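# Report on the structure
Chain residues, written in single-letter form:
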Amino acid sequence: MSGKNYGFETLSVHAGAAPDPATGARAQPIYQTTAYVFEDADHAAALFNLQTVGFIYSRLTNPTNAALETRLATLEGGRGCTVASSGHAAQVLALFPLMRPGDDIVASTRLYGGSIQQMRNTYPKFGWTANMVDADQPENFKRAVTDKTKAFFIESLANPGGVISDIEAIARIAEDAGVPLIVDNTLATPWLCKPIGYGATLVLHSTTKFLSGTGTSMGGAVVDSGKFDWARGGKFPSLAGPEPAYHGLNFFETFGDMAYTFHSHAVGLRDLGPSQAPFNAWLTMLGIETLGLRMERHCANALRVAQYLERHDAVAWVNYAGLPSNKYHSLAKKYLPKGAGSVFTFGVKGGYDVGVKVVDNVELFSHLANIGDAKSLIIHPASTTHRQLSDEQRLAAGAGPDVIRLSIGIETADDIIADLEQALAKATA
Ligand SMILES: Cc1ncc(COP(=O)(O)O)c(C=O)c1O
């Protein structure tokens, strides 16, 4: 695939995969394999010394996973990638080379609820702190920086509120502070937005969602731009100093723009262990082959549904950045010019009771806790994902009693709208 300036759809189908050299098989084989035979003792030593690239044990590297890693790095315009067992595992893996006990990150308050939960309650057990700021004002990141800050963390398009971050502005502040900007690009996918082009250092994915695309496979990924100077300011000793976890190897000196990705495999996956199952990597590779086609339909359908709901008498508000009335519409035009994704929220008149009745009356939509499936999905956060929170916490999280979250699938748009029409009619009868 090298040397040619292929388009996104071509790369989605071909990057990372070629006919199998052993058999000629055209589809990417699944290497459902734990370990790999060494040629001889010298080869084994060279692999363990990271002097040659190859496969040792599938907790660290696997040929099917490697194919997915190449595909994702290519699509995001990055240098390297590490796949993980889930999006949440990828988040821990992403921070692991950067952080020590006592360090902090500055993160947006408007992240996916599960990420906020991970940062507030689990990171402190590692001695990490997340200072949460309103990302609508990029200057808030500057104000929150301490001498222990090791990264900024945002979502390009946030789940579920459709909040769009000004990636370029926040990347500039990160650059001034000498820290990498990490962007969770799960909802946008590289088809809608490529954060590295706006200055992001690391791009994260829950590949569980649109990349695998059909609700079959948990997975996560960390893509490294390869552009960050890990030696700057002496902030990142695991990457740019002698790493005790790998017999004193200086990864940045040895591997340059691949330092972060080598460290993530050789130390992160080795010691934390959240490797992706090769079968999931294989399903995700297949999913990515149709990413552009699906995203185009997801976005077109979502816009039609949002326009329909905006006109509906039983609907109090619609929060979709693709609508000109939306607060984030101008940021959407800049960062998501091909469409504002397919996940958004709306509010029903009548609050909690009507919200519950809507999800109870849908027929085509599936009532479940996921997004990014080819099938249309619906959830009423106040009675499900956010039910343990107080009323105030629910409101702050954008999960008030009237809120319904949709993940619009790729079915026929008229059928999706007809299903909402009948469910809203029954809920408000
Ligand atoms: C934006 C975002 N990031 C991360 C995650 C976590 O991903 P996973 O469920 O694959 O661990 C999710 C899950 O919904 C998500 O929506």
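Residues numbered from 1 in each chain as written. Predicted model: local features only at pLDDT ≥ 70, side-chain atom pairs only at ≥ 80, totals over all residues. Heavy atoms only, no water.

An unreviewed UniProt entry annotates the protein chain as O-acetylhomoserine (Thiol)-lyase of Enhydrobacter aerosaccus. The record in UniProt for the protein chain states the following under Cofactor (unreviewed entry): "pyridoxal 5'-phosphate". Comment text from UniProt for the protein chain, heading Sequence similarities (unreviewed entry), reads "Belongs to the trans-sulfuration enzymes family." (UniProt positions renumbered as here; feature names shortened; annotations may be inferred.)

### Details of the overall build of the protein chain
Across its full length, the protein chain carries 17 helices and 12 strands. In summary, the protein chain has a C-alpha radius of gyration of 22 Å against a globular reference of 22 Å for 429 residues, a match within 12%. For the protein chain, the spread of C-alpha atoms along the principal axes amounts to about 75 × 55 × 40 Å. Split into buried and exposed, the 429 residues of the protein chain put 56% on the buried side. Excluding contacts between residues fewer than 6 apart, the proportion of contacts in the protein chain whose partners are at least 24 apart in sequence is 70%. Averaging the coordinates of the 35 positive side-chain charges in the protein chain and doing the same for the 41 negative ones gives two points 2 Å apart. (Helix = DSSP H or I, 4+ residues; strand = E, 2+ residues; numbered from the N terminus. Rg over C-alpha atoms; globule rule 2.2 N^0.38 Å. Buried < 20%, exposed > 50% of the residue type's maximum accessible area, 1.4 Å probe, protein only. Contact = heavy atoms within 4.5 Å. Lys, Arg positive; Asp, Glu negative; His and termini not counted. Charge placed at Lys NZ, Arg CZ, Asp CG, Glu CD.)

### A closer look at the side chain of D402
Take D402: it is sitting in the loop between α16 (391-396) and β12 (403-407). R394 provides the closest opposite charge to the buried, salt-bridge-free D402, at an N-O distance of 9.7 Å. Not counting residues up to four positions away in its chain, the partners in contact with D402 are W317, F346, G347, V348, G351 and Y352. (Salt bridge = Lys/Arg side-chain N within 4 Å of Asp/Glu carboxyl O.)

### Quick word on the sheet that holds strand β1 (residues 80-84)
Taken together, the 7 strands give an open sheet; going across it, the order is β1-β7-β6-β5-β4-β2-β3, and neighbouring strands pair in mixed fashion. The open sheet is flanked by β1 and β3 (129-133), the only strands paired with a single partner. Along the sheet, successive strands turn relative to each other by an average axial angle of 20 degrees, direction set aside. Relative to β3, strand β2 (residues 104-108) is paired through 5 bridges, and the arrangement is parallel. In the strand pairing of β3, D104 is matched with T129. Against the sheet, helix α7 (residues 167-177) contacts β4 (149-155) and β5 (181-184), and its axis sits at roughly 175 degrees relative to β4. Packed on one face of the sheet, helix α11 (residues 259-272) meets β1, β6 (202-206) and β7 (220-224) and runs near 25 degrees to β1. (Pairing = 2+ DSSP bridges. Axes fitted to C-alpha atoms, helices over the stretch in contact; angles between N-to-C directions.)

### Observations regarding the layout of surface pockets
Each pocket or cavity is described by its volume, and for the second largest pocket that value is around 610 Å³. Every residue lining the second largest pocket is counted, 27 residues in all, and those nearest its centre are V53, T61, E69, F262 and H265. (1 Å grid on protein atoms, 1.4 Å probe; cavity = no way out; pocket = protein on both sides within 12 Å on 5 of 7 lines; lining within 4 Å. Points joined across faces, edges and corners; volume = space filled by probe spheres on them.)

### Considering the UniProt feature "modified residue: N6-(pyridoxal phosphate)lysine" (unreviewed entry) in the protein chain
Per the UniProt record, "modified residue: N6-(pyridoxal phosphate)lysine" (unreviewed entry) is annotated on K209. With near-sequence residues (within four places) excluded, K209 lies in contact with T186, N370, I371 and G372.

### Details of the site of the ligand
Around the ligand lies a shell of 15 residues, among which G87, N159, D184, S206 and T208 are the nearest. Separating an oxygen atom of the ligand from a side-chain N or O atom of S206 is a distance of 2.8 Å. Summarising the interface, the protein chains cover 92% of the accessible area of the ligand, which totals 390 Å² for the free molecule. The class makeup of the residues in the shell around the ligand is 3 nonpolar, 9 polar and 3 charged. (Near = heavy atom within 4 Å. Polar contact = N/O pair within 3.5 Å; in protein donor to acceptor, adjacent residues only side chain to side chain. Areas by Shrake-Rupley, 256 points an atom, 1.4 Å probe, with all protein chains shown as cover. Nonpolar A, V, L, I, M, F, W, Y, C, P; charged D, E, K, R; others polar.)

### Digging into the confidence of the model for the protein chain
Low-pLDDT portions of the prediction should not be read for the details of their coordinates. Here the protein chain shows a mean pLDDT of 96. Residues at 70 or above account for 99%. Averaged pLDDT values for the elements of the protein chain fall to 80 in α16 and rise to 99 in β7. (pLDDT = per-residue confidence, 0-100.)

### Some words on the nonpolar core
Counting 84 residues, the largest nonpolar core has L181, L309, F344 and L406 as its most contacted members. For this core, the element with the most residues is helix α13 (residues 291-310), which contributes 8 residues. Residue contributions to this core reach at least three from each of two domains, namely domain 1 (8-287) and domain 2 (292-427). (Core = buried A, V, L, I, M, F, W, Y, C linked by side-chain atoms within 4.5 Å. Domains from an automatic or database assignment.)

### Considerations on the domain arrangement of the protein chain
One widely used convention gives an interface's size as the accessible area the parts lose upon coming together. Here the protein chain is partitioned into domain 1 (8-287) and domain 2 (292-427). Using only C-alpha atoms to locate each centre, domain 1 and domain 2 end up separated by 29 Å. Across the boundary between the two partners, domain 1 contributes 29 residues, which contact 31 residues of domain 2. Overall, the association of domain 1 and domain 2 removes approximately 2700 Å² of surface from exposure, summing both partners, and the carbon and sulfur fraction of that is 60%. (Buried area = accessible area lost by both parts, 1.4 Å probe.)

### Examining empty space enclosed by the protein
With the rule as written, the count across this model stands at 1 cavity of 30 Å³ or more. Each pocket or cavity is described by its volume, and for the largest cavity that value is around 40 Å³. Class assignment of the residues belonging to the lining of the largest cavity gives a composition of 3 nonpolar, 7 polar and 2 charged.

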